[in-house]
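# An overview of the molecular structure
Each chain, written out:
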Amino acid sequence: MGIKDIKKILTTKREGNMPAPTKTFTPTVYVDAAYIILRYSKTFIQSKTLSNKSGVRTLCIQNCINLIMKMVNLGTKQVWVFDNPTEPCPMKENELKMRRLATKKVTIKGKEMKNARQLLMESKETGENKELIEELTKQIDKNDSNMNAIFDFRKNVKFLVLMLRSFGIPYVFAPAKVDGEKYASYLTKGDPHAYVLTTDTDVLLFGASNFMSPIRKKSGKYEFRNLSTALKDTNLTDISDLIKLGLVLGCDYCPKTYRVGPKTALKKLPNIVLSDEQKKAIKVYTDFSLCEKQGKELITRPISTETAIKVLKSLDFGEKFLNRVSETFGELEKTQNLTETNDERQ
């Protein structure tokens, strides 16, 4: 979710394409993997092309691979950062509960779902009321699509990790009790040409060097912000003040201050007293001891294009897509093998 409504006062931004290397610098994009998977799952949730011939939902992972290939072709370094799979941040539990409740609201309740299926079966047997049959079919299909998207998330994480390993792309899991976007922000520190790709504005409060997010209805375009422009927009002098502003507006780790919007919060910030829950959340943004303990070591495997192609073929991906994958990573694999050979000679 990020900081509620903070973009309304962070007016300084730059719009542009995916960062690409120049003669003077090489950018690194740290991808919030959970955000990307959820984004593509939700975007294509009602798409007829979401599944392959066998009924396996593959469009989400195909778009993840397209994003990977886009950065490879540009020469942009990329690191995919995943949430910790076993121990999520305990401070985020309330937010996760709210998301689960929101998901349940999207789907039809259990009893209603059972009644809808029964009514549909009876209506089909009698052949009467075609409008009712059509409406019930739509409801059931939408419900099943939403539920499948929820179940697909973990499968997509495992599959994406397999693809990253095969492509030789660096990835990493956040430390226990640390969010992926926090760890990604930590990894950017000290590098002015590093970006976190996500929609969670929390990364600015975590001190990320740069924040980039896709622009809706502008395919391939991104919004760019950084900590210095955020402080300038808010007339704040220190990141601690920006953190307080974020807590007042509401974030994933605590509720907002009641009846206080972004402009009021900024105007009255020195006089606003934080709640106990908001005070506890300060530590989430300031304590990086768990990140420092794990360090900045990434997971990278040798490129194995052949393995990736075999897996993608088993999922019925088209020849055109497979050829693009072979061309993109086949060249990288040749370069890697050549480098390894030269190292051995030396």
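Going along each chain's sequence as written, the residues are numbered from 1 onward. It should be noted that, the model being predicted, local features are given only for residues of pLDDT at least 70 and side-chain atom pairs only at 80 or more, the latter also being counted only at that level, while totals for whole chains, interfaces and linings use all residues. The side-chain quantities take in all heavy atoms of the structure and omit both hydrogens and water.

## A look at the overall build of the protein
Numbering of helices and strands runs from the N terminus, with a helix taken as a DSSP run of H or I at least four residues long and a strand as a DSSP run of E at least two residues long. A tally of regular secondary structure across the protein gives 14 helices and seven strands. Three exposure classes are used, based on accessible area relative to the maximum for each residue type with a 1.4 Å probe and protein chains only: buried under 20%, partly exposed in between, and exposed over 50%. Here the protein holds 346 residues, and the buried ones make up 46% of them. Contacts are residue-level and defined by heavy atoms, with any inter-residue pair within 4.5 Å sufficient. Partitioning the contacts of the protein with sequence separation of at least 6, the portion at a separation of at least 24 is 70%. Per-residue and other accessible areas follow the Shrake-Rupley method at a 1.4 Å probe size, with only the shown protein chains counted as cover for residues. If you sum the accessible surface of the protein, you get close to 19,600 Å²; carbon and sulfur atoms cover 52% of it.

## Section: the environment of Y285
Topologically, Y285 is positioned in helix α11 (residues 276–286). Along the sequence, Y285 and Y253 sit 32 residues apart, while their C-alpha atoms lie 9.8 Å from each other.

## Observations concerning the side chain of S166
You can see S166 is positioned in helix α5 (residues 130–167). The exposure class assigned to S166 is buried, which follows from its relative accessible area of 4%. Every residue in contact with S166, bar those within four places of it in the chain, is listed here: P302, I303, S304, T305, T307 and A308.

## Observations concerning the confidence of the model for the protein
As a note on interpretation, predicted positions should not be read in detail where pLDDT is low. For the protein, the average pLDDT comes to 82, and 75% of its residues sit at 70 or higher. A low-confidence stretch, residues 101–109 (pLDDT under 50), is modelled with eight contacts involving residues beyond four sequence positions or located in other chains. Values of pLDDT, ranging from 0 to 100, describe the predictor's confidence in every residue of the model.

## Regarding the pairing of strand β7 (residues 222–226)
Taking burial as the measure, the five residues of β7 include four buried ones, the bulk of the element. By this definition, two strands are paired if DSSP reports at least two bridges between them. Relative to β7, strand β1 (residues 14–16) runs antiparallel, the two being bridged by three bridges. Within β7, the residue paired with G16 across the bridge is Y222.

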